[in-house]
Amino acid sequence: MNLNNKTCVITGVSKGIGLALGNLLLEKNAKVIGLGRTEPIIAHPNFKFISTDVRSFDSVQNSFNSIGDTPIDALINNAGLGYFGFIEDHTIEQWHEMYETNVNGIFYTCKCAVPGMKEQGSGHIINIASTAGLEGYPQTSGYCGSKFAVKGISQSMYKELRDFGVKVTCVYPGSVKTDFFRNSPIEPHDYMLQPEDVAGMIVYSLETPFNFHQVNVEVRPLQPKGPKK
């Protein structure tokens, strides 16, 4: 896809991968619509922010209604969060928040975007999961479960939509230096993946030729703990 003048919708646009991706797409002359609860610092004529809570279908639907008849060429489901701890220590509120954001949010945006993409015979949906959607880790049961769900949803979607010319790519990043770890004892550091690098990989997927489809993309830091001493 040539991103020039294409309309790209990003959830969780205010920070981390979403913010880096928004800026990179704008450099590609795309039109970026950012959905989130906090407006990012992006001053660009091709950027529009719509306050959205992806945990609420009404909020998501209202946001897509405000986009109107503008064809959506790419939807990047980036919004997500995690809480860490033993399963019995998770609060009910934390558990629900993870699934409402990481899983329900993807369903809500896709429910709104897919009909238009099928009608126009093109589009690309990027669902950002995690390597926690590929294997379980201790004290991350809720987060892993939600990202395993993203994997399953994505794999079903790509088989549903490929005949309509719509791509679905699931991205599995390892640890990324963002504020994701604010709810954990882990301190972000420079040996993690950088959000700009993950954003660049997503842009590469979006720019691939029509008949070239990356279904799953796994990326991890080469030396997550730094060089061996």
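Starting afresh in each chain, residues are numbered from 1 along the sequence in its written order. Reporting in this predicted model follows two pLDDT cut-offs: at least 70 for local features of residues, and 80 or more for side-chain atom pairs to be given and counted; totals over whole chains, interfaces and linings ignore these cut-offs and use all residues. The basis for every side-chain value is the complete set of non-hydrogen atoms in the structure, without hydrogens or water.

### A few points about the overall build of the chain
- A run of H or I in DSSP counts as a helix once it spans at least four residues, and a run of E counts as a strand once it spans at least two, with each numbered from the N terminus. Each helix and strand counted, the chain has five helices and seven strands in total.
- Ordered by position in the sequence, the α and β elements of the chain form the string β-α-β-β-α-β-α-β-α-β-α-β.
- In terms of overall dimensions, the chain is globule-like: its C-alpha atoms have a radius of gyration of 17 Å, near the 17 Å expected for 229 residues.
- Overall, the chain is about 50 × 40 × 35 Å in size when its C-alpha atoms are taken along their principal axes.
- The buried label goes to any residue with under 20% of its type's maximum accessible area, the exposed label to any with over 50%, and the partly exposed label to all in between, with areas taken from a 1.4 Å probe on protein chains only. Sorting the 229 residues of the chain into buried and exposed places 48% on the buried side.
- Nonlocal contacts in the chain, meaning residues at least 24 apart in sequence, comprise 64% of its contacts between residues at least 6 apart.
- About 11500 Å² of surface is accessible on the chain, with carbon and sulfur atoms providing 51% of the total.
- Across the chain, the mean location of the 20 positive side-chain charges is 5 Å away from that of the 22 negative side-chain charges. Values of the radius of gyration come from C-alpha atoms, whereas the globule rule sets the reference at 2.2 Å times the count of residues to the power 0.38. Here a residue-residue contact requires only that any non-hydrogen atoms of the pair lie within 4.5 Å. Residue exposure ignores everything except the shown protein chains as possible cover, and the areas themselves are Shrake-Rupley values with a 1.4 Å probe. Positive: Lys, Arg. Negative: Asp, Glu. His and the chain ends are not part of the count. A single reference atom marks each charge: NZ on Lys, CZ on Arg, CG on Asp, CD on Glu.

### Overview of the pattern of salt bridges
- Each salt bridge in this description consists of a side-chain nitrogen of Lys or Arg and a carboxyl oxygen of Asp or Glu lying within 4 Å of one another. Here the structure, examined in full by the defined rule, presents five salt bridges.
- As a salt-bridge pair, Arg55 and Asp53 come within 3.1 Å of each other at their nearest N and O atoms.
- Measuring nitrogen to oxygen at the nearest pair gives 2.9 Å for the salt bridge that ties Arg220 to Glu135. Here Arg220 is found in the segment after strand 7 (216-219), whereas its partner Glu135 is found in the loop between strand 5 (123-128) and helix 4 (141-161), with 85 residues between them in sequence.
- Connected through shared salt-bridge partners, Asp53, Arg55 and Glu97 make up one network.

### Some remarks on the environment of His213
- Tracing the backbone through its elements, the reader meets His213 in the loop between helix 5 (195-207) and strand 7.
- For His213, a relative accessible area of 26% puts it in the partly exposed group.
- Distance from His213 to Ala149, taken between C-alpha atoms, is 21 Å for residues 64 residues apart in sequence.
- Residue contacts for His213: discarding those within four places in its chain leaves Tyr158, Lys167, Val168 and Thr169.
- Any N or O atom pair separated by 3.5 Å or less is treated as a polar contact, with the protein-specific requirement of one donor-capable and one acceptor-capable atom, and with residues adjacent in sequence counted only for side-chain atom pairs. Among the polar contacts listed, one links the side chain of His213 to the backbone oxygen of Val168, at a separation of 2.8 Å.

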